[in-house]
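Geometric and topological summary
This is what each chain is made of:
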Amino acid sequence: MTEKLLSPLRTRPWPERWLTRMLGAGIATAAYVVCVPSGSVPVPVPASDEVPGGGGVALAVILVVLAGYFGRRDDLAWPLLVVAVPPAVQMYVSFESEQPLAWAFATLVIAAGSLIAATVGRCFRPRGAEDSTDGVVCGAAQRS
């Protein structure tokens, strides 16, 4: 079972690849919906018992872990599409074009964090003959 969860997606059958990617996008979407209440965007007003920014930290942790997982299993562009795009689209809809610069900045931060986490995740991939360009990014971590 562990091999199935951690093996590169390019070695898996195409229905499993796409199902895994769609499940990842669903998790990213659900994380945004759960961590960011609908009334808090674009002007958050925390309740007295609510910790300001707590949902944002939880969302960041979930997205970083998800991006690292997909970075280990898939090509580098997929974590950006699977992890960063669903929250960016939800933010765009919830901001309702009132704050385009805030949306653009948040999207840039999410995308950059996803790419960084995916790159770190790629350093933990098993090496094969096909991964000849990975040494450019993760070469220092693999030297003995």
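Computed from a predicted model, the values in this text were never measured in an experiment.

1. Section: the overall build of the protein chain
Assigned secondary structure in the protein chain consists of six helices and zero strands. Helices and strands appear in the protein chain in the N-to-C order α-α-α-α-α-α. Taking the contacts inside the protein chain whose residues are at least 6 apart along the sequence as the reference set, 70% of them involve residues at least 24 apart. When the accessible area of the protein chain is evaluated, it comes to approximately 8,900 Å², of which 71% is carbon and sulfur surface.

2. Some points on the side chain of Arg-125
Following the sequence through the fold, Arg-125 ends up in the loop between α5 (100-122) and α6 (134-142). Polar contacts involving the side chain of Arg-125 include one to the main-chain carbonyl oxygen of Arg-72, which spans 3.3 Å.

3. Description of the packing of aromatic side chains
Under the defined criterion, the tally for this structure stands at three aromatic pairs. Summarising the aromatic geometry, the rings of Tyr-69 and Phe-70 are spaced 5.5 Å apart at their centres and angled 80 degrees between planes, so their arrangement reads as edge-to-face. When its relative accessible area of 28% is taken as the criterion, Tyr-69 is described as partly exposed. Residue class for Phe-70 comes out buried when judged on its relative accessible area of 2%. Arranged with centres 5.1 Å apart and planes meeting at 65 degrees, the rings of Tyr-92 and Trp-103 form a pair that is edge-to-face. In this pair, Tyr-92 is assigned in helix α4 (residues 77-95) and Trp-103 in helix α5, connecting sequence segments eleven residues apart. For Tyr-92, a relative accessible area of 46% translates into the label partly exposed. Here Arg-21 stacks its cationic end above the ring of Trp-18, 4.9 Å away from the centre of that ring. Lying over the aromatic face of Trp-78, Arg-21 brings its terminal NZ or CZ to 3.9 Å of the ring centre.

4. Points about the packing of helix α2 (residues 14-35) against helix α3 (residues 54-73)
Look at α2 against α3: their axes get within 9 Å of each other, and the N-to-C directions meet at 170 degrees. In terms of orientation, α2 lies roughly antiparallel with respect to α3. The segment α2 lies against α3, with Glu-16, Thr-20, Arg-21, Gly-24, Ile-27, Ala-28, Ala-31, Tyr-32 and Cys-35 engaging Gly-55, Ala-58, Leu-59, Ile-62, Leu-63, Leu-66, Phe-70 and Arg-73. Within the contact of α2 with α3, the residues separate by chemical class into eleven nonpolar, three polar and three charged.

5. Topic: the nonpolar core
In terms of nonpolar packing, the biggest core is built from 20 residues, with Leu-59, Leu-63 and Val-83 touching the most fellow members. Mapped by element, the contributors of at least two residues to this core are α2, α3, α4 and α5. Leu-59 has contacts with Ala-31, Tyr-32, Cys-35 and Val-36, leaving out every residue within four places of it along the chain.

6. Side note on the packing of α3 against α5
Relative to each other, α3 and α5 sit at 45 degrees, their axes nearing to 7 Å. By the angle class used here, α3 and α5 are oblique. Note that α3 runs across α5; the crossing there is right-handed. Judged by residue contacts, Leu-63, Val-64, Ala-67, Gly-68, Gly-71 and Arg-72 of α3 engage Ile-110, Ser-114, Ala-117, Ala-118, Gly-121 and Arg-122 from α5. Broken down by class, the residue content of the contact of α3 with α5 amounts to six nonpolar, four polar and two charged.

7. Here's the deal with the pattern of salt bridges
Under the definition given, this model contains two salt bridges. Notably, a salt bridge pairs Arg-12 with Glu-16, separated by 3.0 Å at the nearest N-O pair. Among the ionic pairs, Arg-21 bridges to Asp-74, the shortest N-O distance being 2.8 Å. Here Arg-21, found in helix α2, pairs with Asp-74, found in the loop between α3 and α4; they are 53 residues apart in sequence, far enough to count as distant. You'll find Arg-21 and Asp-74 in the same group, each marked buried.

What counts and how
- Residues numbered from 1 in each chain as written.
- Predicted model: local features only at pLDDT ≥ 70, side-chain atom pairs only at ≥ 80, totals over all residues.
- Heavy atoms only, no water.
- Helix = DSSP H or I, 4+ residues; strand = E, 2+ residues; numbered from the N terminus.
- Contact = heavy atoms within 4.5 Å.
- Areas by Shrake-Rupley, 256 points an atom, 1.4 Å probe, with all protein chains shown as cover.
- Polar contact = N/O pair within 3.5 Å; in protein donor to acceptor, adjacent residues only side chain to side chain.
- Phe/Tyr/Trp six-rings, centres within 6.5 Å; stacked < 30°, edge-to-face > 60°.
- Buried < 20%, exposed > 50% of the residue type's maximum accessible area, 1.4 Å probe, protein only.
- Lys NZ or Arg CZ within 6 Å of the ring centre and 35° of its normal.
- Axes fitted to C-alpha atoms, helices over the stretch in contact; angles between N-to-C directions.
- Parallel < 35°, antiparallel > 145°, perpendicular 65-115°, else oblique.
- Nonpolar A, V, L, I, M, F, W, Y, C, P; charged D, E, K, R; others polar.
- Core = buried A, V, L, I, M, F, W, Y, C linked by side-chain atoms within 4.5 Å.
- Left-handed = near helix turned anticlockwise from the far one by under 90°.
- Salt bridge = Lys/Arg side-chain N within 4 Å of Asp/Glu carboxyl O.

Keep in mind that these numbers describe shape and distance, not what the molecule does.
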